[in-house]
Structure formats: structure tokens, C-alpha cells
Amino acid sequence: MTTIVKALGGGLLRVLASPLVIAAAIVAMLLVTVPFALVVGSELQTALSNQQPIDRDAGEIDPEWWFEFREHSRGLAATFTPVIIGFAAPLANLSALLDGESPPLVLLLPYLLGIVVWSFLWGAALEQFAHGSSRFGFFRAGARTFMRFFVISMLAAVVLVLLYVSIHPLLFGVLAPNLEAAAATERTAFMLRSVVYLAFGSVLVILSLTADYARVAIVMGSAASPIDALREGARFVRSHPGSAVALYVLTGLLFVALLVVYGYVDVYGGSGVTGWRGIAIAQAYIVARLVIRLTFGASEVRLYRALAAGRVG
Amino acid sequence: MTAAAASQAALDGAAAWAQAVRSSSIDAPTGSRVERFVAGAEARVITRSGDGRPPLEIITIAAPQAAQPLAEAAGQSVDRLSTWLGPLPGNRVTIVDVPAQAHLAGAAYPGIAITSSRLLTTRREFAAERALTVAIARQYALTFATAPQPDSWFAEGLAAYFATRAVHESFEGRYYLTLRSFGGYVPHSIRAIVMSPNPLDPRPRVARLAEVVEPADAPWRLAHGADLDRANRLTMALHTLERFVGWPAFQATLRAFVERSAGRTPALRDLTAVLSEQRGADMTWFFDQAMRVDARIDYAVVNLASVPAASAGWETTVDVRRLGEATSLPRATSTARSLPVMVRFADGSEITEWIDGRDREWRFEYSSASPAVLASVDPGAILLIDADRTNNTRALNPPLHTVGLRLAFNWLAWLQDAMLTCTAVI
């Protein structure tokens, strides 16, 4: 357990001591998402300006206009639903991941760009977390492993899709509805569904851990090709399931804590949260989430090194 | 109606439910689904009377902690609807609180209203109360049809209209959009979106509330398939009429219609007759056009141009087009002032023209000291049966909309989070 806590603590400190990596992640996320937001923002401005002029200067959101807009919007604008507001966003995104809601096709491009960007970022970040910045520069480190990391992510994406078309329908299309329907109370039904979430979530964790340690194996020089790296990642998780899962869960708890704080601020933070303050809070949440994501990588590097060499580096 | 009443001793829930089923027309599968949840439950009876109306028994079958709030919510709904439409049909309504996973919240059968108190809820959701209000409001329409049949789309359309209006009025200013995630178990209310704003707000209220229209294929619906489309069209037509004639006048029409329809199975022509009588003009044209579900009603401002004139000032051209096939308003009205087209200029002045809705294209040209900034057909958003109201208005050089800017930033954060979630596993 000490090894795991040391890996997590050391990983978090390592990330916090790497402002360049954090800044790069923030900038990369903005570069990928802002162009799409500009498109949606432009459509919104047009739509809001062309509303029927009936109290159009009201400061708050008109739900009737929003429903009318959604009914007639296409493309990216069709993703402009109330879930985008504040804490509803992470809640809906996590729920969609577990409930297996298919993303709109129009989002495949931004998601693909996200995979590309993170294939590069992980290379640069893991190199820095594993060896410091002395071996390669930031960009060279990212470029050196980019293709292999991209292949790992795409292979993991294929497995993920297979999970969603095979196991997920059985769990949430057959098992969960029957369990819930048989429950006498909503409390029991919710608990039963939570158990099914836990089962599917465990499969996702195994996939995630395998992909994570495959990337770590490449950076640590334990594997050269993506396939070898995935084998090594799977071997590491199989060899040290308790440590790997415990570290993942502990780091995940940081994310849960972040969600709790965000939810609390959003729900109880005062009437101005949905205005500019809300936007600032949302961006602060994204930055914190990036830090936690990088912590996953940094702590896994430490755990991998510790269990391979018998100590935490 | 004032609640005067007398709480009687608690009854056995199963017995109360059996009594309700005997005097209702609930379908057997739904009855059986409810039956398993009422076994062992308690039922409480409250008798409401007052204002010379017949007493009404409200029997609530629910867990002890939920029974009182549900009975109060039911009483308030009954009072409101009685004021609008006259006494609630029948002398007894049985309220049943079943778990949400039964998917019966909002179900209504004669004398029966079903709702679901949620395990997790927020202070701004009122899920159980809203579903209960919907089920009680449907009671009026259930006297016109108790099961799907050729003409029951009319009753379904009325039911949806009554229910929507009752929800908006009952939860005005305190009902916020509440999203449910993780299989519908986890709620989150969005404080930026008030679903039932103050009635003084001139903007239309949401006409298709989820608690009223979902699930579309519910067994308690009085219309399905194409008939449900007609019912939905009728609901929108009724919302349009409410905006057209004003709520006080429309409420008087509805009340007279409900009173005259007692003991009968009325049809749309009966409502039209009452409306025409109340308005002092034949209103057949309205429903003739509005209920053509095969036709699309869509008015649009297709062009707005304002250019400097050769001499001085500005030349403005506005083109309005009817994109759909149906017309909404008659040519034959005495003034032919059917649908307004408003043009606003930069100096704040406005010109309103009236078009005959049966034509297909209209062009207006103006010479003015200031350029035009906006043109809108149906600027007051009266014609809610317009298939696409996003094309009713055009603005020239509009200022930056801060709400739009804030929403775009929210969308940005949502996309960032969605991307991080999507790529978290891979």
C-alpha cells in the first residue's frame, strides 16, 4: 500500500512541478476545442439575434426558444442541449459513458482530434515524468512516441467499441432492466443498477490500465512496438492487479473529489454561477481535471518503475 | 374549492386500490403492475368540499412520508382545475405512488392518478407533484374518451393541453429544468432554465413538457400513431388560441365547453361552436387550417435589406414568404388583418403591416431616415403551430448577444469535458 500511496503522491507532486506540461495540455485542449466552439457560437449568435422580438432582451435563457432551436438545428449546433450548462456537463458525459449513449456522429471529428492530441501529449508528458526533460525536448519527446501511442489508442478504441456492441447491450439492455423491474423500491432498483455499472466499469478500468501501462512500457523502454507494448501492459496488470487497480481507484478518487467540489459549487454557489463566474468555474474544473489526468500517467510511471525495480523512484 | 376536510381513518392500500380499479376503466396489465406495489401499503382519505361543489374524496396510497405532500399537491391541482374548468369529474380520485422504475408516473385513468416519488430529487424538480398534476388534469379529458378510438385524438389533445397549462401554473417560477442521468436515477436541476416562468413574461411557455408527452406510447394515451400526431397538433393549436384570444377569454370558452360536454362524447366541432359563440365570429377557419396535419404551416422572413438611398436616408426591402402549404388565417375576415409583420429601424421606430396569410409572398419597401435593424413575421409569437419559428425573424448587424456568448463558453467546457471523458479509457 505504501508503494501505491508513494506512487500517487509522487506522481501528483511531479505533475504540479511540471507547469510546462500542464500548460501544454491546457493549450492543446483549447486548440482542439475552440474552433468548434467558434462554429457553434456563431450559429448561436445568429439564432439568438433572429429570435422573435418578444422580450428578446431578457437576461436569462428562454427554454421555449432553446427547444425550438434544438428542433431545427443540425450538425454541431444539434449538440447544443441543456447538458452543456455547468455541472450538468460532467454528469451527462459520465452517464453517457456508462449508459452507452452513442455520441452524435458530428462529434467523431473532435474526438479523433482529441485522440491525436493526447497521443502527442502523453509522449511528451510521460517522458518528462519518467526521465525528466534532459533526454529530449518536449516536442521531440512527443513526436518520438506519437505514432505508437496513436496506434495504442486506436486499438483500445476498437476494443471499446466491441465492448459497447457486445457486453453493454447484455448488461444494460437485458440484465439491468429486468433487475430494476423486479425491484420493489427505487432504492433497490438503483442499487442493482449500480452493481451493473460496477461490473461494466471494471471492464473499462482493465482496458484503460492496459492502454496506460502500454504507453508507460514504451517510455520506459520495455517495449518498442504498440503490440509489444499492449502485451507488456496487459502482462503488468496481470502480474500486479491489486497495485494497478488500487492506484487507479485512488487516483480516480481525486476525480470524484473534484466532481463533488464542482457539484457543490454549482448547486450551492449562488445565483451568479451560471453567468461569467460559472464559466470561470467550469474552466477551473477542466484545468483540475487535466492535472488529475496527468497524475494518472505520472503515478503509473512511478508504480511501474517501483514494481519493476522494487522501489518507488 | 376550499379544503374542508376530514381526514378519515387509514384504509388498507390494496383494498383502496381494488375499489378504484372496480370503478375505473384501467387496463388489466397496468392494474396488475400497480397492484404489486400497493400490497401492504396504507391509504389515507381526505374529503374536500366547498363553494357549493359536490364533495371530492382524495384517496392517497403512498408511503407515510409521501402521502401528505402528495395529497396537498393533488388538492391544489384540483382547486386550480376546478376554478378553470368546473368540478373534477367523479366524486373520488385515487392517487397511487409507485416506484419510478414502473414507468407509470403521470398515468391517468378515470378516478385514478399515478405518480412516483423519487429516491433522489432536488428542491427545484417537483417530479412527483408534476406527474400528479398531469394525471389529475387528464381526468377532464378522460370523461370524453376512456380508450383509444377513432375520435379520441381530440380528448388526448385536450388532455395534453390541460396538463401542460396546469403544470406551468402550479409550478410557476419554481420549476427548473431537471436532467436525470445514470439510468434516470440521479437528478440535476439547472438553475439557469426556469421551465415555468412568470405568466407576465410575454414569451411562449414550453408547450411540450416531457412529463406530459412522454412516453408517447404509454398505455394510458388516448391516441397512438397518426392519431397522436393529430392530438399533438390540436395541443399546439390550443396553445396558439390561448395566445391569440388571451387566457381569460379562452378559459371561459373551455369551461363552457366542458360544462356542455358533460355526459357526451364531444368532438372538435363542439369546441369550435363554443369558441365561435364566445368570440362572436365563426372560428371554423382556424381549426380547418390548424388541424391539417398533412400540411406544413411555415412563415419566414426570407430577405431583409437596408441600403443607403441615392438622395438621403435608407431604402429597406422586406420579403416574407409562406414556405408551407397550409394557410393559417382566412382572407375573408373583414379587415384582412391576419398576421403582423413588424419592421424595426435603428432609431427605434417600428412599422407593422398585416398580411393575408393565404398568399404566398409579400414584399414591403420603405424609405426611412434610419436603416432597418429587424423584420419579423408574427413578432409576438402567437402562431405556435408555425413549423419553424427560427426563420420568422431577421436582424441586420445585430449586437453581440451576451447570453449567446456565455452559452458558447458553456458549450466549450462541455466539449472539453466530453473529449476528456471519451479519451479517458483509451
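Model, not experiment: these values are computed from the prediction.

Each value, and the rule that gives it
- Residues numbered from 1 in each chain as written.
- Chains lettered and ligands numbered in written order.
- Predicted model: local features only at pLDDT ≥ 70, side-chain atom pairs only at ≥ 80, totals over all residues.
- Helix = DSSP H or I, 4+ residues; strand = E, 2+ residues; numbered from the N terminus.
- Buried ≥ 20, exposed ≤ 12 C-beta atoms within 10 Å, placed from the backbone.
- Contact = placed C-beta atoms within 7 Å.
- Rg over C-alpha atoms; globule rule 2.2 N^0.38 Å.
- Nonpolar A, V, L, I, M, F, W, Y, C, P; charged D, E, K, R; others polar.
- Core = buried A, V, L, I, M, F, W, Y, C linked by C-beta atoms within 7 Å.
- Domains from an automatic or database assignment.
- Arc of directions from axis to C-beta.
- Pairing = 2+ DSSP bridges.
- Axes fitted to C-alpha atoms, helices over the stretch in contact; angles between N-to-C directions.
- pLDDT = per-residue confidence, 0-100.

Peer 1: Explain the overall build of chain B here, please?
Peer 2: Assigned secondary structure in chain B consists of eleven helices and 15 strands. Dimensions of chain B along its principal axes, counting C-alpha atoms only, are 85 × 65 × 40 Å. Burial statistics for chain B: of 426 residues in total, 49% are counted as buried. In chain B, of all internal contacts separated by at least 6 residues, the share reaching a separation of at least 24 is 67%.

Peer 1: Would you explain the overall build of chain A in this entry?
Peer 2: Helix and strand content of chain A: eleven helices and zero strands. The order of helices and strands in chain A, counted from the N terminus, is α-α-α-α-α-α-α-α-α-α-α. Taking 313 residues into account, the globule formula puts the C-alpha radius of gyration at 20 Å, and chain A, at 22 Å, falls close to it. Counting across all 313 residues of chain A, residues that qualify as buried make up 42%.

Peer 1: Teacher, can you tell me more about the interface of chain B and chain A here?
Peer 2: On the side of chain A, 76 residues touch chain B, which itself brings 65 residues to the contact. Elements that contribute at least two residues to the side of chain B that touches chain A include exactly β7 (176-181), β8 (186-194), β14 (372-377), β15 (393-395) and α11 (402-424) of chain B. For the side of chain B that touches chain A, the element with the highest residue contribution is α11 of chain B, accounting for 22 residues. Grouping the constituent residues of the side of chain B that touches chain A by class yields 38 nonpolar, 15 polar and twelve charged.

Peer 1: Looking at this structure, how should I read the environment of Arg344 of chain B?
Peer 2: Within the secondary structure, Arg344 of chain B sits in strand β11 (residues 339-345). Residues Arg344 of chain B and Ser370 of chain B lie 26 residues apart in sequence; the distance between their C-alpha atoms is 9.7 Å. Once residues lying within four places of it in the same chain are set aside, the contact partners of Arg344 of chain B are Pro53 of chain A together with Glu350, Ala372, Val373 and Leu374 of chain B.

Peer 1: I'm lost on the nonpolar core in this one. Help?
Peer 2: One recurring pattern in soluble globular proteins is that nonpolar side chains are buried together. Counting residues in each nonpolar core, the largest one holds 192 residues, and the members touching the most others are Leu121 of chain A together with Ile61, Ile95, Ile114, Leu132 and Trp411 of chain B. At 14 residues, helix α11 (residues 276-309) of chain A tops the list of elements feeding residues into this core. Mapping this core onto the domain boundaries places at least three of its residues in each of domain 1 (11-290) and domain 2 (299-395) of chain B. When near neighbours in sequence (up to four residues on either side) are disregarded, Ile114 of chain B contacts Val34, Val96, Val98, Leu104, Ala105, Ala107 and Ala135 of chain B.

Peer 1: What should I look at first to understand the domain arrangement of chain B in this one?
Peer 2: Residue and element names in this part refer to chain B. For chain B, the assigned domains are domain 1 (11-290) and domain 2 (299-395). Computed over C-alpha atoms, the centres of domain 1 and domain 2 are 38 Å apart. In this complex, domain 1 contributes twelve residues to the contact, which on the side of domain 2 involves nine residues. Of all the elements in the fold, those that place two or more residues in the side of domain 1 that touches domain 2 are α7 (226-245) and α10 (284-290). Take the side of domain 1 that touches domain 2: its biggest share by element is six residues, from α7. Of the residues assigned to the side of domain 1 that touches domain 2, the class counts are seven nonpolar, three polar and two charged.

Peer 1: Is there a simple way to explain helix α2 (residues 28-38) of chain B in this structure?
Peer 2: Residue pairs three or four apart in sequence face the same way in an α-helix, which turns once every 3.6 residues. All names here are of chain B. Burial in α2 covers these residues: Val34, Phe37 and Val38. Down the axis of α2, the buried set is contained in an arc of 95 degrees. They therefore lie on one face. Of the exposed residues in α2, the ones pointing more than 90 degrees away from its buried face are Ala28, Pro29, Ser32 and Arg36. Next to the buried residues of α2 lie α1 (13-22), β3 (53-61), β4 (92-97) and β6 (112-115). In the stretch just after α2, Gly40 is the one whose phi turns positive, near 85 degrees.

Peer 1: Looking at this structure, I do not really get the environment of Val174 of chain A. What am I missing?
Peer 2: Residue and element names in this part refer to chain A. You can see Val174 is positioned in helix α7 (residues 167-182). With 10 C-beta atoms packed within 10 Å, Val174 lands in the exposed category. Through-space distance from the C-alpha of Val174 to that of Thr33 is 36 Å; in sequence the pair is 141 residues apart.

Peer 1: Any chance you could explain the sheet that holds strand β10 (residues 314-322) of chain B here in plain terms?
Peer 2: To summarise the sheet geometry, strands pair through backbone hydrogen bonds and adopt either a parallel or an antiparallel arrangement. Residues and elements named next belong to chain B. Across the sheet, three strands lie side by side as β9-β10-β13; this open sheet has antiparallel pairing. Whereas interior strands pair on both sides, the edge strands pair on one side only; in this sheet they are β9 (299-308) and β13 (361-368). Taken pair by pair, the neighbouring strands of this sheet meet at an average axis angle of 15 degrees, ignoring direction. In terms of strand pairing, β10 meets β13 through eight bridges, oriented antiparallel. Within β13, the position partnered with Thr317 by the bridge is Glu365.

Peer 1: Where do I start with unusual backbone geometry in this structure?
Peer 2: Backbone phi values are negative for most residues with the exception of glycine, while trans is the configuration of most peptide bonds. All names here are of chain B. Each neighbour pair has its own omega, and for Glu214 with Pro215 the value is -10 degrees, a cis peptide bond. For Pro215, the position within the fold is in the loop between α6 (210-213) and α7. At Phe182, a residue that is not glycine, the phi angle is positive and equals roughly 50 degrees. The topology assignment puts Phe182 in the loop between β7 and β8. By the C-beta count within 10 Å, which is 19 here, Phe182 ends up partly exposed. The residue Asp378 is not glycine, and still its phi comes out positive at about 55 degrees. When the 24 C-beta atoms within 10 Å are taken as the criterion, Asp378 is described as buried.

Peer 1: Please clarify how the sheet that holds β15 of chain B should be interpreted in this entry.
Peer 2: Residues and elements named next belong to chain B. The four strands lie next to each other as β12-β11-β14-β15, forming an open sheet whose pairing is antiparallel. This sheet does not close on itself; its edge strands, each paired only once, are β12 (350-355) and β15. Strand after strand, the sheet turns through a mean of 10 degrees between neighbouring axes, direction not considered.

Peer 1: Any chance you could explain the confidence of the model for chain A here in plain terms?
Peer 2: The predicted structure's coordinates, where accompanied by low pLDDT, should not be read in detail. Chain-level pLDDT for chain A is 93 on average; 95% of the residues reach the 70-or-more range. Looking at the elements of chain A, mean pLDDT is at its lowest for helix α3 (residues 63-72) of chain A, recorded as 90, and at its highest for helix α8 (residues 186-219) of chain A, recorded as 98.

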